[in-house]
Amino acid sequence: MKLSYVPDGAVGLKPSGWLPNATEQDWITYADHLDEHGHLVAGIGGLLVQRGRRALLIDAGIGPVVAKDDSRNPVTGAAHGGALLRNLARLGVADRIEAVAVSHLHLDHFGWTLREGPGGTAPFGAARYLVTDTEWDWWHSLTPERIDSFPDWAKGSLVTPDMLAVIAPRVQRIVNGEEIFPGVRAQVVPGHTAGHTAFAIKSFGRRLVMIGDAMHTPAQIAHPEWFCAADFDPEEGVRRRRILIDRLAASGDLAFGIHFADVPFGRVHRDADGRTTWVPVG
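Within each chain, residue numbers correspond to sequence positions counted from 1 in written order. Where local features are concerned, this predicted model is filtered to residues with pLDDT of at least 70; where side-chain atom pairs are given and counted, the filter is 80 or more; whole-chain, interface and lining totals use all residues. With hydrogens and water set aside, each side-chain value is computed from the structure's full complement of heavy atoms.

**Q** I tried to follow the overall build of the chain on my own but got confused; where do I start?
**A** A helix here means a DSSP run of H or I that spans at least four residues, while a strand means a run of E at least two residues long, and both kinds are numbered starting from the N terminus. Each helix and strand in the chain was counted, giving ten helices and 15 strands. By principal-axis analysis of the C-alpha atoms, the chain measures approximately 50 × 50 × 35 Å. Taking all 282 residues of the chain together, the buried fraction comes to 52%. Contacts are assigned to residue pairs with any non-hydrogen atoms lying within 4.5 Å of each other. For the chain, the proportion of contacts with a sequence separation of at least 24, taken over those separated by at least 6, is 68%. Computed with the Shrake-Rupley method and a 1.4 Å probe, the accessible areas treat only the protein chains shown as cover for residues. Surface exposure of the chain reaches about 12800 Å², of which carbon and sulfur atoms provide 53%. Distance between charge centres in the chain, computed from 28 positive and 33 negative side chains, equals 8 Å. Relative accessible area decides the class of each residue, using a 1.4 Å probe on protein chains only: under 20% of the type maximum gives buried, over 50% gives exposed, and in between gives partly exposed. The positive count covers Lys and Arg only, the negative count covers Asp and Glu only, and His and the chain ends enter neither. In plain terms, the charge of a residue is placed at NZ if it is Lys, CZ if Arg, CG if Asp and CD if Glu.

Given below as C-alpha cells:
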C-alpha cells in the first residue's frame, strides 16, 4: 500500500478567529506556524491510497477557487485551489480513482466533486463518492431558518441541498466502522461536523489514521482544548480530539493531518510529563 499527499491549494486561517480560545501569547510561542500575514497556513488537498493498481482518494480539495483576504471576515483569509487533478495526473492515477471518500461536507474537502474535469468530463471518472449517513442527512436537514442562524462569515461557504443534488447520483452512503477499500475503515469522529469521519488505514501490521478536521494544526496536538470556530459541536470536538490524541500517543500509529501544510505525516509523542507534540515523518 502506498500513501501520498495530493495538494490542491491552501488557505490562510486567522488564528484568533479560527481558534478563539488560543491566546496572543500562544501565537507568540507558535509564531513559526504563521505566515508573513500572521495567518495559520492550512494545506488543502487529498490523501491518495494505492493498493496495486487500485486507488482510493480521501477528500477532494476545494477546486479551482481563488479568494482574496476580506478584512470583514474574522476567521479565514486568502484561499486558492485547483492543483489536485494535475497532481493526480502526475502520479499516474487520474483515471484509476475508484472511489472518493469524503471526511465531511465542507467545500474544501469535496469541492472538486462539484466541478468538471478536463474537457468537461467528470473529475474522477466513474468514481463513487463515499459519505457517512450522519453527515449526508445533517446537511440535508438545513432549513433557511437554520442557515440564518449562522454567522455572516460562514453563510457564504455553507453547503446547500442543491449543491448536494449535483453529486447525489454518485454518492454511496457508508456507516461507522465500514471497510470502504481494502485495509481502510471509516471512523466517525463527530464534533467538527455532525458526521465528521476519520479513516484508519492498515497494511502489513502498520496503521495510519487520516484525522480529517479533528485537528487543523499540529499545535492542537499540544492543545486539544483549542476548538475551531467552524466546529458544529465544539465541546464534543474537544472530547473526541483528546481521545484521538491519547490513542495515537499510546499506539505509536502514524497519522495524517490534511491541513498540516508541509508536515502532514507524523506521530504523536508523549513526554515524561504527559505533554503531547507532533513529530513529522518524511
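Now that the structure has been shown, the text picks up again.
**Q** I tried to follow the sheet that holds strand β9 (residues 179-181) on my own but got confused; where do I start?
**A** Two orientations exist for strands paired in a sheet by backbone hydrogen bonds: parallel and antiparallel. At least two DSSP bridges between two strands are required for those strands to pair. Strand order in the open sheet made by the seven strands is β9-β10-β11-β12-β13-β14-β15, with mixed pairing throughout. Across the chains shown, the open sheet's two edge strands, defined by having one partner strand only, are β9 and β15 (276-280). With strand direction ignored, the average angle separating the axes of adjacent strands in the sheet is 35 degrees. Note: strand β10 (residues 184-188) against strand β11 (residues 197-203), five bridges, orientation antiparallel. Following the sheet pairing, Q187 is matched in β11 by A198. Fitted lines through C-alpha atoms give the axes, limited to the stretch in contact for helices. The angle between two N-to-C directions lies from 0 to 180 degrees. Running at roughly 90 degrees to strand β14 (residues 265-270), helix α10 (residues 234-251) makes contact with β10, β12 (206-210), β13 (254-256), β14 and β15 of the sheet.

**Q** Explain the environment of I58 here, please?
**A** Looking at the element boundaries, I58 is found in strand β3 (residues 54-58). The exposure class of I58 is buried, given its relative accessible area of 0%. Each C-alpha atom of the pair I58 and L130 lies 9.1 Å from the other, and the pair is 72 residues apart in sequence.

**Q** What am I meant to see in the pattern of salt bridges here?
**A** When a carboxyl oxygen of Asp or Glu lies within 4 Å of a side-chain nitrogen of Lys or Arg, that pair is called a salt bridge. With the rule as written, the count across this model stands at eleven salt bridges. D253 is the salt-bridge partner of R207, the closest N and O atoms lying 2.9 Å from each other. Within this pair, whereas R207 is found in strand β12, its partner D253 is found in the loop between α10 and β13, the two being separated by 46 residues in sequence. Each of D133, D137 and R173 takes part in salt bridges that share partners, so that together they form one network.

**Q** What am I meant to see in the pairing of β10 here?
**A** For a regular strand, the rule is simple: side chains alternate between the two faces of the sheet. A one-sided burial pattern is seen for β10, the buried positions being V184, A186 and V188 and the unburied ones R185 and Q187. As paired strands, β9 and β10 are joined by two bridges and run antiparallel to one another. Within the sheet, the bridge partner assigned to E179 lies in β10 and is R185.

**Q** Whenever I open this one, the packing of aromatic side chains confuses me. Can you help?
**A** In this description, an aromatic ring pair is defined by two values, namely the gap between the centres and the angle between the planes. Stacked, edge-to-face and tilted labels apply to pairs of Phe, Tyr and Trp rings (six-membered ring for Trp) whose centres lie within 6.5 Å, assigned for plane angles under 30 degrees, over 60, and everything in between, in that order. Enumeration over the complete set of coordinates arrives at eight aromatic pairs. Ring geometry for W27 versus Y30: centroids 6.4 Å apart, planes at 65 degrees, classification edge-to-face. Among the residues examined, Y30 registers a relative accessible area of 16% and is labelled buried. Judged by centre distance (4.9 Å) and plane angle (85 degrees), the ring pair of W138 and W139 falls under edge-to-face. Residue classification places W139 among the buried positions, given a relative accessible area of 3%.

**Q** Got a minute to help me understand the environment of V189 in this structure?
**A** With respect to the element layout, V189 can be found in the loop between β10 and β11. Note on V189: relative accessible area 13%, which makes it buried. Distance in space between the C-alpha atoms of V189 and D213 is 9.5 Å, their sequence separation being 24 residues. In contact with V189, not counting residues within four places along its chain, are H196, T197, A198 and R240.

**Q** I keep staring at α10 and nothing clicks. Help me out?
**A** Between its first and last C-alpha atoms α10 spans 26 Å; for 18 residues at 1.5 Å apiece the expected length is 26 Å, and the two agree. For α10, the full list of buried residues reads E236, G237, V238, R241, L244, I245, L248 and A249. Lining the buried residues of α10 we find β12, α9 (219-222), β13, β14 and β15. Looking one or two residues past α10, G252 carries a phi angle of roughly 75 degrees, positive in sign. To estimate the expected span of a helix, subtract one from its residue number and multiply by 1.5 Å.

**Q** Explain unusual backbone geometry to me, please; I cannot follow it from the model alone.
**A** Excluding glycine, a negative phi dihedral is what most residues carry, and trans is how most peptide bonds are arranged. Of note in the backbone geometry, D59 takes a positive phi value of approximately 75 degrees without being a glycine. On the secondary structure map, D59 appears in the loop between β3 and β4 (66-67). Look at F204: it is not a glycine, yet its phi comes out positive at around 50 degrees.

Interpretation note: all reported values are geometric properties and have no functional meaning in isolation.
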